[in-house]
Each structure stands twice: as structure tokens, then as C-alpha cells.
Amino acid sequence: MKTNTSVPETVAAIDLGSNSFHMIVARLEESGTLSVIDRLQESVRLGGGLNKHGLITDEAQARALACLETFAQRIRDLPDSAIRIAGTNTLRVAENAQSFVIAAENILKHPIEIIAGREEARLIYLGVAHGLATQKGKRLVVDIGGGSTELIIGRGMKPLRRESIYTGCVSASNRFFEDGTITKKTMKNAITEASLILFPQARDFKFGRWDEAIGCAGTIKAIANIVQQQGWCNEGITYKSLKNLRKALINAGHVDKIELDGLSENRRPVIAGGVSVLFAVFKILKIDRMRISEQSMREGLLYDLVGRINHTDVRDATVEAAMARWGVDTSQSLRVTDTVEQLCETACDQWSIDVEKIKPLVKWAAMLHEIGLQVSHNNYHKHGAYILENADLQGFSRQEQALLSALVLSHRSKFRDAAFEQLMKPFIKPSKQMCVLLRLAVLLHRGRNDQAIPDISIKIKNNKINLLFPKGWLDANGMTLADLIKEINYLDKVGYKLSFE
């Protein structure tokens, strides 16, 4: 996988959706704006390939990987820093998602992030907000994907409330219209189930909480295209036009017999499921009219990537917010963070670690290593690891949260080697090495005071780590010496040989 620390001229984003895969390529102008130069989209119906055991079938994987072979030709020369690839609902829930991701990464030659539903919602809103003129008041943004539906209320560029619910055009179509038959009863049952799933969100997302409703992405854009070409409304989607479409689908009786202007062949197999979900959204959230946005998550991925390139990474703000929420001792976290970054400067070169991706995560782990103290002092590292793996952390992928969790879990006491083995393969070895440095930084600041840590020389050869302290410093700091002696045993159990003088 390619890395490059310079500012890229071309950036790209790939959205691995449950129904379709999308790629967008853009030129990053000197002004920081984006100029789209290429778009690719293919309906792969990955979610439709989920069997009753929760596995993506070989046939569905073959369709998806063939699509990625095409995408790979367009991005093969881009460094990792110039591309974001995100997997959504199907890759969140599939039992064999990890093996598929490995195969996909071998084709794309870039890492794939699996993002949580609320993070998907944040990126959707970011894309929509950049594509529409800023207006007064709040917006409700709705995106119906293949396996999930995202609801976001926001003002201007800021999402205020985000939710992801587990129903989409593919999952609804598979459940209620699997053989293509559409009846009044099956349509009613599909709408009822989607309504029941949406109902708990009604209070927070219904009309009155927002000033305008906006729909985006494939399902909603396809429905808008149909109702407008049929002459049922002039722009966007109205509740009345949606009723007309529902009636037309029932009258057709089967997806193969639908004859509607604006319906593409790729959308035909999942249109009934998509209409049932959108109808429930309109009904439960009391929407009368919905505008359409041409931008969605893939554009949001690009804008988020540009933010990282320009050093306005939302993850920094997320970590600061988490520290405030959980009452983290800021002074102590900064001491540990400064020391671990100093150790990294020397150690990463000796271990030949690509610091571009791993170093920020180690920094954030250092800042959050005591997040579990608000739960309990006993086993606080375990509480902290649980929080970081399961919390809604804006900007972080699931794999990144798993890495933070592993680092915090093993920053003290026993080094839990098994936690790292569950990470993405490229992260396993360097994250263990970085955890050694985090443990040392925490150990050196056990006194929790502003006493300066001396310059420490660190020499590394494979798994042998030697620390050289100023003469007499360890003798004058007996507590640190005792902790280092204990650390020798902890690290020895996982194959690291620590020595010091």
C-alpha cells in the first residue's frame, strides 16, 4: 500500500454500499476546493448476497470483486493519503466480511475502512451540506441504502442528530418481494415493518424538528426520477406522488411487469423495497415534500479526506470531546502523549514503521488511555477499551476504534496479545510495537507530576529494546526503576526483550 506525505493533486473516494459500489475522483485545487474529474458506479447487490447464515455468497463476492478490478485501474497510482474507501451495512454485519475485505484490499492496494452507521450518517450529511446552498433553519437528510437507512438533522455544515436504522431497499426487497411478486398485502406488510423500525425515532426526527427534508443517494434519486417522469410531481418527491408510485407497483404485480418511465434495469429488482421504506419514512416523520441532493456519502468521504489533508481532522475534535465528557485528566494525558511521541520519533525509524497512519492513532490512544477511570479505578483499562470500541466516535472507522481499544486495554498490567490479532493485518505488528512505547510512556509518568523526563536514548533491534537513561537518574527514581523491572517480565511474555541502563 502506497504512502505519501505531500499534498496530493488528485483524491478519490469509494463507497462500498450494500446495493451499489460508487467511486468519485476529484482534483484538489490550490484553493482547497474539489473539481470532480471522474465517477464510476456499478450495482453489485452485495447485501442481496447475504444468505440465512449471514454470509456473503461466492456469487455476490465475485460480482463485487469484479467491479473493484475496474475501480483499481483508476486509483492504482494514488497514495493511501489521497483515498478513502468505506464499507457500510453489509460489511458491518456479514460474518465473512473480513475475508472479503482482505480480497478487496488485495485488488485495490489500499486499506478499506468499515464505518459504523452513525459515522456513515455524518459523512452523508457532510456530502449533502457541501452540495446545497446554506439556508436558515434545520435540515432533515434521509439516505436509504441497501441495508440501512440514515437519518440526520443538521444546521448549515453541522450535523446535530444522527441515526442509522437497519432497513434498506435490498433487505426489504429480499424479505417481502424476494420472488418479484408485489401485492397489496406484501406492500402493506413491508411498509408496516419499516414503520415499526422507524417509530422509536419519530419523536426526534418528525416534522417540527426541521424546516426542510432532503433525500439523497440511489434509492431516493431513483424514486424522484420516476415520479417526475410520470408527471406526478414537478420536482423532488411529494407524499401524493409516492402514493401514486406505490399504487402503480401493486397494479404491476411483479417487478418484471413494471412499466414506468425513469426506472432503470439495475434499480428494478429493489424498487419495491425502496418504495416501502421511503413511504414509511414519509408517513412516520410526517414529510409532505422532499428535495433531492445530488451529493451523498462518497462526496462526504472526499470532503472529510480534504479536511485531514489540510490538518482539520474531525477525529482531533472527537478525542477532545471524549476527554471532556469522561473527565480525563488533561495534564496527565498530555504528559504521556508528549513522551510517547518523542519515543516514536526514534523507534519508528528503527522498526521501519510507516508513521503516517499509526502515529496519530497512538497519540489519540495516549490522550484517552485513562478514559475508563470515570467508570471505576479497578480495571479502568478494561473499561476504557470497552468505551473506545463501542462509543460513537465521529471520524473513526470500526477498525481504528478497535486499534484504540487494543492499545488502551494493554497500556498497563498484562500485555493482551490476542486483542491485537483481531486487527487489520497491516496494523497487527506496528500496533503491538507502538503499545510497547505507550506502556513505557505511562510508566515514566506514574508520578503524575510535572517533573521533567530526561532525554532517553532508545535502541531497537527486532524485538530487543534498550533504554539508556542519564547516569544516576534511575538510582534517584526508585519507583520508576521498580516499574521497569516489572515491565521486563510483562513484555517478555509476548516476545519483547526490554533492557535499560
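Values in this document were obtained by computation on a predicted structure and should not be read as measured data.

This next bit is on the overall build of the protein chain. Helix and strand counts for the protein chain stand at 20 helices and 14 strands. Relative to a compact globule of 501 residues, whose C-alpha radius of gyration would be 23 Å, the protein chain shows 25 Å and is just as compact. C-alpha atoms of the protein chain, sized along the principal axes, occupy 90 × 50 × 45 Å. For the protein chain, the residues scored as buried account for 55% of the 501 residues in total. Counting contacts in the protein chain only where the partners sit at least 6 residues apart, residues at least 24 apart contribute 70% of the total. Summed over its atoms, the accessible surface of the protein chain is roughly 22700 Å², and 47% of this surface lies on carbon and sulfur atoms. Between the centroid of the 65 positive side chains of the protein chain and the centroid of its 57 negative side chains there is a distance of 6 Å.

Here the focus is the environment of Arg84. Counting through the fold element by element, Arg84 comes out in strand 4 (residues 83–87). With 229 residues separating them along the chain, Arg84 and Asp313 place their C-alpha atoms 14 Å apart. Contact partners of Arg84, with chain neighbours within four places excluded, come to Ala12, Ala13, Ile14, Glu113, Leu301, Asp304, Leu305 and Arg308. A polar contact of 2.6 Å, which involves the side chain of Arg84, links it to the side chain of Glu113.

On to the packing of helix 9 (residues 239–252) against helix 10 (residues 271–284). Interaxial distance between helix 9 and helix 10 falls to 10 Å at its minimum, and their mutual angle equals 145°. The interaxial crossing formed by helix 9 with helix 10 has left-handed handedness. Taken together, the residues of helix 10 that come into contact with helix 9 (itself represented by Tyr239, Leu242, Lys243, Leu245, Arg246 and Leu249) are Ile271, Ala272, Val275, Leu278, Phe279, Phe282 and Lys283. In terms of residue class, the contact of helix 9 with helix 10 is built from ten nonpolar, no polar and three charged.

Any space left empty among the atoms is revealed by the rolling of a water-sized probe across them. Approximately 1100 Å³ is the volume attributed to the largest pocket. What lines the largest pocket is a set of 40 residues, and nearest its centre among them are Ile114, Arg398, Gln399, Ala402 and Gln422. In terms of residue count, helix 16 (residues 398–409) provides more of the lining of the largest pocket than any other element does, seven residues in total. For the lining of the largest pocket, the per-class residue count stands at 21 nonpolar, nine polar and ten charged. Roughly 810 Å³ of internal volume is contained in the second largest pocket. For the lining of the second largest pocket, the secondary structure elements donating two or more residues are strand 4, helix 11 (297–309), helix 12 (314–325) and helix 14 (355–368). Considering every element that reaches the lining of the second largest pocket, the biggest residue donor is helix 14, with six residues.

To continue, consider the side chain of Asn466. With respect to the helices and strands, Asn466 occurs in strand 13 (residues 464–468). Apart from residues no more than four positions distant in its own chain, Asn466 is found in contact with Ser457, Ile458, Lys459, Ser499, Phe500 and Glu501.

Here the focus is the sheet that holds strand 14 (residues 497–500). Sheets are built from strands that pair by backbone hydrogen bonding, the pairs being arranged parallel or antiparallel. One open sheet holds the three strands; their spatial order is 12-13-14, and the pairing between them is mixed. In this open sheet, the two strands that pair with only one neighbour each are strand 12 (457–461) and strand 14. Here the strands of the sheet are splayed against their neighbours by 15° on average, with no regard to which way each runs. Across five bridges, strand 12 lies against strand 13 in antiparallel orientation. Looking at the pairing, Ser457 lines up with Leu468 of strand 13. Relative to strand 14, helix 20 (residues 478–492) is tilted by about 160°, and along the sheet it contacts strand 13 and strand 14.

What follows covers unusual backbone geometry. The residue Lys109 is not glycine, and still its phi comes out positive at about 65°. Phi is positive for Asn462, which is not a glycine, with a value near 60°.

Before going further, it helps to spend a moment on the pattern of salt bridges. Within the structure shown, the criterion is met by 32 salt bridges. Note that Glu299 and Arg39 form a salt bridge whose closest N and O atoms lie 2.7 Å from each other. With Glu299 in helix 11 and Arg39 in strand 3 (residues 34–43), the pair connects residues that are 260 residues apart, well separated along the chain. For Arg39, a relative accessible area of 44% gives the class partly exposed. A salt bridge links Arg175 to Glu193, with the shortest nitrogen-to-oxygen separation between them at 2.7 Å. Within this pair, whereas Arg175 is found in helix 5 (residues 169–176), its partner Glu193 is found in helix 6 (residues 184–198), the two being separated by 18 residues in sequence. Given the relative accessible area of 58%, Arg175 is considered exposed. The exposure class assigned to Glu193 is partly exposed, which follows from its relative accessible area of 25%.

Conventions and cut-offs
Residues numbered from 1 in each chain as written. Predicted model: local features only at pLDDT ≥ 70, side-chain atom pairs only at ≥ 80, totals over all residues. Heavy atoms only, no water. Helix = DSSP H or I, 4+ residues; strand = E, 2+ residues; numbered from the N terminus. Rg over C-alpha atoms; globule rule 2.2 N^0.38 Å. Buried < 20%, exposed > 50% of the residue type's maximum accessible area, 1.4 Å probe, protein only. Contact = heavy atoms within 4.5 Å. Areas by Shrake-Rupley, 256 points an atom, 1.4 Å probe, with all protein chains shown as cover. Lys, Arg positive; Asp, Glu negative; His and termini not counted. Charge placed at Lys NZ, Arg CZ, Asp CG, Glu CD. Polar contact = N/O pair within 3.5 Å; in protein donor to acceptor, adjacent residues only side chain to side chain. Axes fitted to C-alpha atoms, helices over the stretch in contact; angles between N-to-C directions. Left-handed = near helix turned anticlockwise from the far one by under 90°. Nonpolar A, V, L, I, M, F, W, Y, C, P; charged D, E, K, R; others polar. 1 Å grid on protein atoms, 1.4 Å probe; cavity = no way out; pocket = protein on both sides within 12 Å on 5 of 7 lines; lining within 4 Å. Points joined across faces, edges and corners; volume = space filled by probe spheres on them. Pairing = 2+ DSSP bridges. Salt bridge = Lys/Arg side-chain N within 4 Å of Asp/Glu carboxyl O.

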